[in-house]
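One letter stands for each residue in the lines below.
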Amino acid sequence: MKAIRIFIRNIGESFKGVFRNFSLSLASISCITITLILVGFSILLSLNVNNLTYEIENDLNIVVFLEKNVTEKEIKSIENELKNLDNVKEVKFNSKEDIKNEWQEESEELKSILKNYTEQTNPLQDTYLVKVVDINFIGDTANRIKSIEKVDVVKYGEGAVEELVKIFDIVKKITYIVVIALIIVTAFLITNTIKITIQSRRREIEIRRLVGASNMYIRQPFFFEGIILGLLGSIIPIMVCCYGYKYLYNKLGGQLFTAIFKLVNPNKYIYLLMLILVCIGAIVGAFGSYRAVRKYLKI
């Protein structure tokens, strides 16, 4: 019971410490707020970049053209072989008649050209659209498809796709590095701001030591004070990043400039982002206070 009373008293002291030294607390909260806003924006940017690369990768297909004299039985056999390949996720068949009908709907010119072709005289080829599990191995998968009997041509944007994959990997790595770097900078700035705050209260700490307070008893209020500062500092970033992004998403209709650049749906990540910002603020605030009292003031 005594430990619980001390715990509750220390939390009360923490709140008093925040408001008693309001100007210094405000400086710490401002630092936390600014840096967490930057962290929040970088996380949102990372999510949207990853979503964009995923959407583009997901739309990439291997187009498999079959020989013109292929039979129904051979078509079925090719489909089974395609589905049995390791890196294949989805296989879709398009008959030459289906392709002809689709092209006719695209323009009047194509319609006038293709309408004279019958099923027997249709110059187009039956095709399969193949989606892969891992785009990094799309070239290997395409080469294996080429070896299947009655497959005429395999196209997937050779060269361009490999370059696109490299660019995607670089962009993803850059966004991850930016997020991690900002979190480290946030921890450094917040820690040093809280150190300055606690340094100004050196006399208060020395008085506690003179009356026989243990190191743990002295540290606890500052530890909780750091958590409080972190939580208070995360309020505005949550409003700006989470609700601001949700407003922007609805205002832009879920896309940026064009349907190609689809924004991440905020409903999927808004609560996760809130939790991340709150945790970063609280953990870094607590860590900064603890280090300042323990190491900086040599307790």
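Participant: Help me understand empty space enclosed by the protein, please; the structure alone is not making it clear to me.
Facilitator: Empty space among the atoms can be located by rolling a probe the size of a water molecule over them. With the rule as written, the count across this model stands at two cavities of 30 Å³ or more. Approximately 80 Å³ is the volume found for the largest cavity. Lining the largest cavity are Leu44, Leu47, Asn48, Cys241, Cys242, Tyr245, Val264, Pro266, Tyr269, Ile270 and Leu273. Elements with a contribution of two residues or more to the lining of the largest cavity: α2 (22-59), α10 (235-252) and α11 (266-296).

Participant: Mind showing me how you'd approach the nonpolar core here?
Facilitator: For soluble globular proteins, the rule of thumb is that nonpolar side chains tend to be buried together. Counting residues in hydrophobic clusters, the biggest one holds 22 residues, and the most contacted among them are Ile62, Leu82, Tyr128 and Ile145. Elements that contribute at least two residues to this core include exactly β1 (62-66), α3 (72-83), β2 (88-94), β3 (127-132), α6 (138-146) and β4 (151-155). With sequence-adjacent residues up to four places away left out, Leu82 is seen in contact with Val88, Val91, Tyr128, Val130, Ile145 and Ile148. Counting residues in hydrophobic clusters, the runner-up holds 21 residues, among them Leu229, Ile238, Cys241 and Ile280.

Participant: Quick question: what am I supposed to make of α10 here?
Facilitator: Along an α-helix, residues three or four positions apart point the same way, because every turn accommodates 3.6 residues. If you check α10, its first and last C-alpha atoms are 25 Å apart, about what 18 residues at 1.5 Å a residue would give, namely 26 Å. Of all the bends found along α10, the most pronounced is centred on Gly244 and spans about 25°. Turning to α10, its buried residues are Pro237, Ile238, Cys241, Cys242, Tyr245 and Tyr249. Residue Gly253 follows α10 closely and has a positive phi angle near 70°.

What counts, and at which threshold
- Residues numbered from 1 in each chain as written.
- Predicted model: local features only at pLDDT ≥ 70, side-chain atom pairs only at ≥ 80, totals over all residues.
- Heavy atoms only, no water.
- 1 Å grid on protein atoms, 1.4 Å probe; cavity = no way out; pocket = protein on both sides within 12 Å on 5 of 7 lines; lining within 4 Å.
- Points joined across faces, edges and corners; volume = space filled by probe spheres on them.
- Helix = DSSP H or I, 4+ residues; strand = E, 2+ residues; numbered from the N terminus.
- Core = buried A, V, L, I, M, F, W, Y, C linked by side-chain atoms within 4.5 Å.
- Buried < 20%, exposed > 50% of the residue type's maximum accessible area, 1.4 Å probe, protein only.
- Contact = heavy atoms within 4.5 Å.
- Expected span 1.5 Å × (residues − 1).
- Bend = angle between axes of the 7 residues up to and from the residue.

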